[in-house]
Amino acid sequence: MSDEPSLNSALMKGLSCRCPRCGKGKLFNGFLALAPRCDACGLDYAFVDTADGPAFFVMFIAGFIVAGAALAVEVAYEPPYWVHAALWMPLILLTTIVPLRPMKGLMVALQYHHKAEEVRFTRGDSP
């Protein structure tokens, strides 16, 4: 058995927005701003580069949920536009803002688990 943490452990640490190494320290300083390092184990978060990954996955999932629900309501009830606005605006906010932070934490934890880093080419290397 190896000392390497399991993928399930990495997933849980990421979704709980905790340090991907120790699982104790906070990952974020603000809503989406990463802390410079773990306050429990000292892991430097400089390796993190999630880019737009979390936002893409959240928008993709939220779009599927909201568009599907709006289409189903339109076909079944044909409500006026103001009812659509009243129904779907809160759902859009709920399905995009709430999962964004855990998704970013998950991406950070997966980067750490898989030892992902930016590719650096030297003079002789080619893609």
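Computed from a predicted model, the values in this text were never measured in an experiment.

A short note on the side chain of His-113
Here His-113 lies in helix H4 (residues 100–113). Classification of His-113 by relative accessible area gives buried; the value is 15%. Residues within four places of His-113 in sequence aside, it is in contact with Glu-4, Pro-5, Ser-6, Leu-7 and Ala-10.

Quick look at a nonpolar patch on the surface
On the surface, a cluster of nonpolar side chains totalling about 680 Å² of accessible area is made up of Phe-56, Phe-57, Phe-60, Ile-61, Phe-64 and Ile-65. Take Phe-57: it is sitting in helix H2 (residues 53–77).

So, the nonpolar core
If you look at the biggest cluster of nonpolar residues, it comprises 10 residues: Cys-17, Cys-19, Leu-27, Phe-28, Ala-35, Cys-38, Leu-43, Tyr-45, Val-48 and Val-108. Apart from residues no more than four positions distant in its own chain, Cys-19 is found in contact with Lys-13, Gly-25, Cys-38, Cys-41, Leu-43 and Tyr-45.

A short note on helix H3 (residues 81–97)
End to end, H3 covers 24 Å across 17 residues, agreeing with the expected 24 Å (1.5 Å per residue, within 8%). Among the residues making up H3, those that are buried are His-84, Trp-88 and Thr-95. Along its buried surface, H3 packs onto H2.

Comments concerning the packing of helix H1 (residues 7–15) against H4
It is the contact of H1 with H4, at a shortest axis distance of 7 Å, that shows an interaxial angle of 145°. As H1 packs across H4, the resulting crossing turns out to be right-handed. Residues Leu-7, Ala-10, Leu-11, Gly-14 and Leu-15 of H1 pack against Pro-102, Gly-105, Leu-106, Ala-109, Leu-110 and His-113 of H4. Of the residues assigned to the contact of H1 with H4, the class counts are eight nonpolar, three polar and no charged.

Some remarks on the packing of H2 against H4
As a packed pair, H2 and H4 sit with axes 9 Å apart at the nearest point and diverge in direction by 130°. As judged from the angle between their axes, H2 and H4 are oblique. For the pair H2 and H4, the crossing hand works out as right-handed. Listed contacts from H4 to Gly-53, Pro-54, Ala-55, Phe-57 and Val-58 of H2 are Leu-100, Met-103, Lys-104 and Met-107.

Some details on the environment of Lys-104
By the element assignment, Lys-104 lies in helix H4. For Lys-104 and Ile-61, which are 43 residues apart along the polypeptide, the C-alpha to C-alpha distance reads 14 Å.

Quick look at the packing of aromatic side chains
What the rule picks out here adds up to three aromatic pairs. Between the aromatic rings of Phe-47 and Tyr-112, the centroid separation amounts to 5.9 Å while the plane-to-plane angle is 50°, which identifies the pairing as tilted. Here the residue Phe-47 occupies a position in the loop between H1 and H2, and Tyr-112 occupies one in helix H4, the gap between them amounting to 65 residues. The exposure class of Phe-47 is partly exposed, given its relative accessible area of 27%. Assessed through its relative accessible area of 26%, Tyr-112 is described here as partly exposed. Taking the centre distance of 5.4 Å and the plane angle of 70° together, the rings of Phe-56 and Phe-57 count as edge-to-face. Accessibility expressed as a relative area gives 48% for Phe-56, which makes it partly exposed. Judged by relative accessible area, Phe-57 falls into the partly exposed class, the value being 36%.

Thresholds applied
Residues numbered from 1 in each chain as written. Predicted model: local features only at pLDDT ≥ 70, side-chain atom pairs only at ≥ 80, totals over all residues. Heavy atoms only, no water. Helix = DSSP H or I, 4+ residues; strand = E, 2+ residues; numbered from the N terminus. Buried < 20%, exposed > 50% of the residue type's maximum accessible area, 1.4 Å probe, protein only. Contact = heavy atoms within 4.5 Å. Patch = residues over 30% accessible without salt bridge, like charges linked within 9 Å, V, L, I, M, F, W, Y side chains within 5 Å. Areas by Shrake-Rupley, 256 points an atom, 1.4 Å probe, with all protein chains shown as cover. Salt bridge = Lys/Arg side-chain N within 4 Å of Asp/Glu carboxyl O. Core = buried A, V, L, I, M, F, W, Y, C linked by side-chain atoms within 4.5 Å. Expected span 1.5 Å × (residues − 1). Axes fitted to C-alpha atoms, helices over the stretch in contact; angles between N-to-C directions. Left-handed = near helix turned anticlockwise from the far one by under 90°. Nonpolar A, V, L, I, M, F, W, Y, C, P; charged D, E, K, R; others polar. Parallel < 35°, antiparallel > 145°, perpendicular 65-115°, else oblique. Phe/Tyr/Trp six-rings, centres within 6.5 Å; stacked < 30°, edge-to-face > 60°.

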